[in-house]
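What the coordinates show
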Amino acid sequence: MTYTTILTETRGRVGIAQLNRPQAMNAFNLAMLGEVFDALETFDKDEHVGAIIVTGNEKAFAAGADIKEMSEASYIQMVTEERVEVWNRIRGIRKPVIAAVSGWALGGGCEFVLSCDMVVASESARFGQPEITIGIIPGAGGTQRLARLVGKHLAMEMVINNRTLTAQEALQFGLVNRIVAVEGYLDAAVAFAEEIASRAPIAVRMAKDAVNAAFETTLTEGLAVEKRNFYPLFATEDQKEGMKAFIEKRKPNWKGK
Ligand code: CAA
């Protein structure tokens, strides 16, 4: 697929998809949605990639869905164009996806961040769900993922009263993993992603799946998922290598087998 709204590159074992509609604050139009999910799926299949970063630019990660493209849409178009349903594709990505956020992450931009596995934010990052100000509500998971992450009262305020969070507040409420300087924020995110990409690949995949289960299941079901993911790791070469390396006081050499 040739991309016109995003840029992609690979640095070491990290695949990077950069949203690239700076003239529109990286608002998600249909083309960019299709391209970014295609890039994620391509990196997911690439055995040389161990972790994936999605980023924007210093000023904006993404300012939400493209309001200009959406403003005249009918009910039927919203249902049939898959403008909202397409967001489910991120749930199928098995490798860790890290959002590297600088500037605005609003509406669909914030929802994209909420769908990622970890978040590196620059000091200028701002998170919010301003859909209410244009007469709608979040439609790409915002009400659900935000409430699970930051709790009911703050989620209500963000969704109903357009409260935005600074990077520091986002860190405090568990929406981001770490804050870095604006300058070089992507390099810092790549260093973070490199560390994750250097871990035992099958265990990483199983870990992501198990942690995600915590948001979908009862505790009993979640613990069963954890066991289902834990036991098979003893059939991998990496488990034998990891434990042998610990005993021999050396670094493990992961094979992803
Ligand atoms: N859609 C389309 N275009 C957008 C956009 C969006 N979401 N956000 C910004 N732009 C465009 C602006 O229209 C402007 O274009 P022109 O130069 O052609 O006028 C350009 O990007 C620069 O934006 P501003 O001049 O507004 O820049 P600013 O620095 O003054 O403000 C901002 C930045 C606070 C992000 C502001 O642009 C803004 O509030 N954007 C809209 C945010 C929003 O409401 N997002 C929710 C969208 S709905 C949604 O996401 C639904 C969902 O759940 C999936």
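For the structure itself, consult the block above.
For the structure given in this document, a descriptive report is provided here. (Residues numbered from 1 in each chain as written. Predicted model: local features only at pLDDT ≥ 70, side-chain atom pairs only at ≥ 80, totals over all residues. Heavy atoms only, no water.)

Let us look at the nonpolar core. Of all hydrophobic cores here, the largest spans 45 residues; its most connected members are Phe-61, Phe-112, Phe-127 and Leu-175. If you tally residues by element for this core, the top one is helix α1 (residues 30–45), at seven residues. With 16 residues, the next largest nonpolar core counts Val-14, Ala-51, Leu-186 and Ile-196 among its residues. (Core = buried A, V, L, I, M, F, W, Y, C linked by side-chain atoms within 4.5 Å. Buried < 20%, exposed > 50% of the residue type's maximum accessible area, 1.4 Å probe, protein only. Helix = DSSP H or I, 4+ residues; strand = E, 2+ residues; numbered from the N terminus.)

Let us look at the packing of aromatic side chains. Geometrically, a pair of aromatic rings is defined through the distance of the ring centres and the angle of the planes. One pass over the structure, following the stated rule, counts eight aromatic pairs. Residues Phe-37 and Trp-87 carry aromatic rings whose centres are separated by 6.0 Å and whose planes lie at 75 degrees to one another, so their mutual orientation is edge-to-face. One end of the pair, Phe-37, is in helix α1; the other, Trp-87, is in the loop between α3 (75–80) and β5 (97–101), with 50 residues separating them in the sequence. In this structure Phe-37 comes out as buried when scored by relative accessible area, which is 1%. For Trp-87, a relative accessible area of 9% puts it in the buried group. Here a set of aromatic residues connected by ring pairs shows up, and it is made of Phe-28, Phe-37, Phe-61, Trp-87 and Phe-112. (Phe/Tyr/Trp six-rings, centres within 6.5 Å; stacked < 30°, edge-to-face > 60°.)

Turning our attention to helix α6 (residues 152–161). Of all the residues in α6, the buried ones are Leu-154, Ala-155, Met-158 and Val-159. The buried residues of α6 occupy an angular sector of 125 degrees when projected down its axis, which confines them to one face. Those residues of α6 that are exposed and angled more than 90 degrees off the buried face are Lys-152, His-153, Ile-160 and Asn-161. At its buried positions, α6 is contacted by β8 (126–128), α5 (142–150) and β9 (165–166). (Arc of directions from axis to C-beta. Contact = heavy atoms within 4.5 Å.)

Another aspect to go through is the site of the ligand. Taken together, the neighbourhood of the ligand is formed by 21 residues, with Ala-65, Ile-67, Gly-108, Glu-111 and Glu-131 sitting nearest. Within the backbone of Ala-63, one N or O atom sits 2.9 Å away from a nitrogen atom of the ligand. Within the complex, the protein chains bury 64% of what would otherwise be the 980 Å² of accessible surface of the ligand. Mapped by element, the contributors of at least two residues to the shell around the ligand are α2 (67–70), β6 (104–106) and α4 (108–115). Examining the composition of the shell around the ligand, we find that three residues originate from one element, α2, more than from any other. Of the residues contributing to the shell around the ligand, the split by class is twelve nonpolar, five polar and four charged. (Near = heavy atom within 4 Å. Polar contact = N/O pair within 3.5 Å; in protein donor to acceptor, adjacent residues only side chain to side chain. Areas by Shrake-Rupley, 256 points an atom, 1.4 Å probe, with all protein chains shown as cover. Nonpolar A, V, L, I, M, F, W, Y, C, P; charged D, E, K, R; others polar.)

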